[in-house]
Amino acid sequence: MIPYGRQEITQEDVDAVVEVLRSDFLTQGPAVPRFEQIVAEACDARHALAVNSATSALHIACLALDLGAGDWLWTTPVSFVASSNCGLYCGASVDFVDIDPRTYNLCPEALARKLEQAAREGKLPKVVVAVHLSGQPCDMKAIHALGQRYGFRIVEDASHAIGSRYLDEPVGNCRYSDITVFSFHPVKIVTTAEGGMALTNDVVLAERMALLRSHGITREPSRMTHAPDGPWYYQQIALGFNYRMTELQAALGISQMSRLTAYVGRRHEIARRYDSLLADMPVVTPWQHADTYSGLHLYVIRLRRDLIDVSHREVFESLRKQGIGVNLHYIPIYRQPHYAAMGFRPEDFPEAERYYAEAISLPMYPGLDDAMQDRVIAALRKALQE
Ligand SMILES: *Cc1c(COP(=O)(O)O)cnc(C)c1O
């Protein structure tokens, strides 16, 4: 089976992890801050906090922004459930904004319309999570302008987008957001097995997230309610979690980051080759906005159902049967039973529904060679003609 995504682990990666295994610190040592510094520098952000997953990063990002009961978090329905679950973790309510038919990202016009109505009803969101689907950055300038106008805060879920650029600047610099989150799950662009990171330029948000990732405990006397009782002393001043990243994960991340540019470059080569191999087929290939340089975590095609006799599901099943591990990113979140029970109606999200009926993620990862890619195309050709 050719999977839709997979990690690449080199001898250097293995050596870096083994070195940590034989060192004094398996957690809370020097590798995590080094990894944070490397990512912060690559992304032009002031602060970076490594955690054990992007899900954890989204959770502490929302808490740092004071999201809580009675508040609303809005995001796109076409994302992984973590993009909205973070709102529910905080006791907030969640709502969705339909997608743009070309980028498949949250549509700024739909957002503007929904905000206008929410303002009338007094139900404006406190946080909007902008997800850079496939690695293509959202229209952040437009979302940021709406944030200024309606007073919401912005979290970029850039789980797909480390190495992406927006208006010639790296995603992660938080120019148009409060916090940006990356995932280092093995299918993503750079991996630490499990892992995530939250970036921000705001020192207050950075300090809050640092506290929340480790039980809400501080050893900083200036943050305590009274002078330390002694050298052993620490205080828990908030309710935090154990969301820490280990030294082994950070060492793997440091080693992987040295290949970030090469990885994204290779993904672009694969995408260009897909674009040309698919040119005469009844599918829509990914459209790239001129303002963006995608990290290309995913390569999503859409079936031209008006031109083919087979169903989306049949194409999918045929590809899987032929050993091509295609996937669908994503089932619109409002369709998940946990969310459907909140009363969402699919007809409120026509673009997300159309997307869900047509989208297929083809295999995309640096180790996908030309022969494998040719197998994917041959299998797709067969699937479309069956
Ligand atoms: C993978 C992913 C997440 C969750 O990442 P984890 O590191 O597995 O917690 C969140 N949002 C999006 C868009 C993702 O693709």
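Notes on the structure follow. Just so you know, these numbers come straight off a predicted model, no measurement behind them. (Residues numbered from 1 in each chain as written. Predicted model: local features only at pLDDT ≥ 70, side-chain atom pairs only at ≥ 80, totals over all residues. Heavy atoms only, no water.)

Focus: the nonpolar core
Right, on to step 1. Of all hydrophobic cores here, the largest spans 77 residues; its most connected members are Tyr274, Leu278, Val315, Leu319, Ile360 and Leu362.
Right, on to step 2. In terms of domain composition, this core takes at least three residues from each of domain 1 (2-257) and domain 2 (260-385).
Right, on to step 3. In this structure Leu362 touches Tyr4, Tyr274, Leu278, Tyr299, Ile301, Val326 and Val376, once residues within four positions along its chain are discounted.
Right, on to step 4. In this structure, Ala31, Ala50, Ala161 and Phe184 belong to the second largest nonpolar core, which totals 26 residues. (Core = buried A, V, L, I, M, F, W, Y, C linked by side-chain atoms within 4.5 Å. Buried < 20%, exposed > 50% of the residue type's maximum accessible area, 1.4 Å probe, protein only. Domains from an automatic or database assignment. Contact = heavy atoms within 4.5 Å.)

Let's talk about the pairing of strand E3 (residues 93-96)
Right, on to step 1. With four bridges connecting them, strand E2 (residues 72-75) and E3 associate as parallel partners. Across the sheet, residue Trp74 finds its bridge partner in E3, namely Asp95.
Right, on to step 2. Crossover handedness for the path E2 to helix H4 (residues 82-89) to E3: right-handed. (Pairing = 2+ DSSP bridges. Helix = DSSP H or I, 4+ residues; strand = E, 2+ residues; numbered from the N terminus. Right-handed = clockwise from strand over helix to strand, strands pointing away.)

A few points about the site of the ligand
Right, on to step 1. Surrounding the ligand, one finds 15 residues, the nearest of these being Thr55, Asp157, His160, Ser183 and Lys188.
Right, on to step 2. Tyr330 places a polar side-chain atom, nitrogen or oxygen, 3.0 Å from an oxygen atom of the ligand.
Right, on to step 3. For the ligand, whose free accessible area comes to 380 Å², the fraction covered by protein is 92%.
Right, on to step 4. Mapped onto the shell around the ligand, the elements with two or more residues apiece are helix H3 (54-64) and H4.
Right, on to step 5. Of the residues contributing to the shell around the ligand, the split by class is five nonpolar, eight polar and two charged. (Near = heavy atom within 4 Å. Polar contact = N/O pair within 3.5 Å; in protein donor to acceptor, adjacent residues only side chain to side chain. Areas by Shrake-Rupley, 256 points an atom, 1.4 Å probe, with all protein chains shown as cover. Nonpolar A, V, L, I, M, F, W, Y, C, P; charged D, E, K, R; others polar.)

A few points about H4
Right, on to step 1. Where burial is concerned, most of H4 is hidden: six out of the eight residues are buried.
Right, on to step 2. Among the residues making up H4, those that are buried are Ala82, Ser83, Ser84, Asn85, Cys86 and Gly87.
Right, on to step 3. Tucked inside the fold, the buried residues of H4 contact H3, E2, E3, strand E4 (127-131), strand E5 (153-157) and helix H11 (337-340).
Right, on to step 4. One or two positions beyond H4, positive phi appears at Gly91, with a value near 85 degrees.

Describing the pattern of salt bridges
Right, on to step 1. This structure, assessed with the given rule, holds 19 salt bridges.
Right, on to step 2. Across the salt bridge formed by Arg259 and Asp13, the nearest N and O atoms sit 2.8 Å from each other. One end of the pair, Arg259, is in the loop between helix H8 (247-257) and helix H9 (260-277); the other, Asp13, is in helix H1 (residues 11-21), with 246 residues separating them in the sequence. Both residues of the pair, Arg259 and Asp13, belong to the buried class.
Right, on to step 3. Connected through shared salt-bridge partners, Glu8, Asp13 and Arg259 make up one network. (Salt bridge = Lys/Arg side-chain N within 4 Å of Asp/Glu carboxyl O.)

Focus on helix H10 (residues 312-321)
Right, on to step 1. Of all the residues in H10, the buried ones are His312, Val315, Phe316, Ser318 and Leu319. Down the axis, H10 shows its buried residues gathered within 165 degrees of arc, on one side only. In H10, the exposed positions that point more than 90 degrees away from the buried face belong to Arg313 and Lys321.
Right, on to step 2. Buried residues along H10 sit against strand E14 (299-303), helix H12 (350-356), strand E15 (359-362) and helix H13 (370-385).
Right, on to step 3. Two residues or fewer after H10 comes Gly323, characterised by a positive phi angle close to 85 degrees. (Arc of directions from axis to C-beta.)

Looking at the packing of aromatic side chains
Right, on to step 1. For the coordinates displayed, the defined rule picks out eleven aromatic pairs.
Right, on to step 2. Ring plane angle 65 degrees and centroid distance 5.8 Å describe the contact between Phe96 and Tyr339, whose orientation is recorded as edge-to-face. Highlighted residues: Phe96 in strand E3 and Tyr339 in helix H11, separated in sequence by 243 residues. Both residues of the pair, Phe96 and Tyr339, count as buried.
Right, on to step 3. Linked through ring pairs, Phe96, Tyr334, Tyr339, Phe344 and Phe349 together constitute an aromatic cluster.
Right, on to step 4. The ring of Trp287 is capped by Arg102, whose NZ or CZ atom sits 3.8 Å from the centre of that ring.
Right, on to step 5. The cationic tip of Lys114 hangs over the ring face of Trp74; the distance from NZ or CZ to the ring centre is 5.5 Å. (Phe/Tyr/Trp six-rings, centres within 6.5 Å; stacked < 30°, edge-to-face > 60°. Lys NZ or Arg CZ within 6 Å of the ring centre and 35° of its normal.)

Things to note about the sheet that holds strand E8 (residues 179-183)
Right, on to step 1. Judged by pairing direction, the sheet is mixed, and its seven strands sit side by side in the order E1-E9-E8-E5-E4-E2-E3 without closing on themselves. Whereas interior strands pair on both sides, the edge strands pair on one side only; in this sheet they are strand E1 (47-51) and E3. Across this sheet, the average inter-strand angle for adjacent strands is 20 degrees, counted without regard to direction.
Right, on to step 2. Pairing geometry for E4 and E5, over five bridges, is parallel. Along E5, the bridge assignment pairs Ala130 with Glu156.
Right, on to step 3. Against the sheet, helix H6 (residues 140-150) contacts E4 and E5, and its axis sits at roughly 155 degrees relative to E5.
Right, on to step 4. Against the sheet, helix H7 (residues 203-213) engages E1, E5, E8 and strand E9 (196-200), with an angle of about 15 degrees to E1. (Axes fitted to C-alpha atoms, helices over the stretch in contact; angles between N-to-C directions.)

Looking at the sheet that holds strand E12 (residues 283-284)
Right, on to step 1. Here three strands make up an open sheet; going across it, the order is E12-E14-E15 and the pairing antiparallel. A single partner strand is all that each edge strand has here, and the edge strands are E12 and E15.
Right, on to step 2. Packing against the sheet, H10 makes contact with E14 and E15, and its axis sits at approximately 20 degrees to E15.

A few points about the environment of Gly265
Right, on to step 1. Mapped onto the secondary structure, Gly265 falls in helix H9.
Right, on to step 2. With 242 residues separating them along the chain, Gly265 and Ser23 place their C-alpha atoms 34 Å apart.

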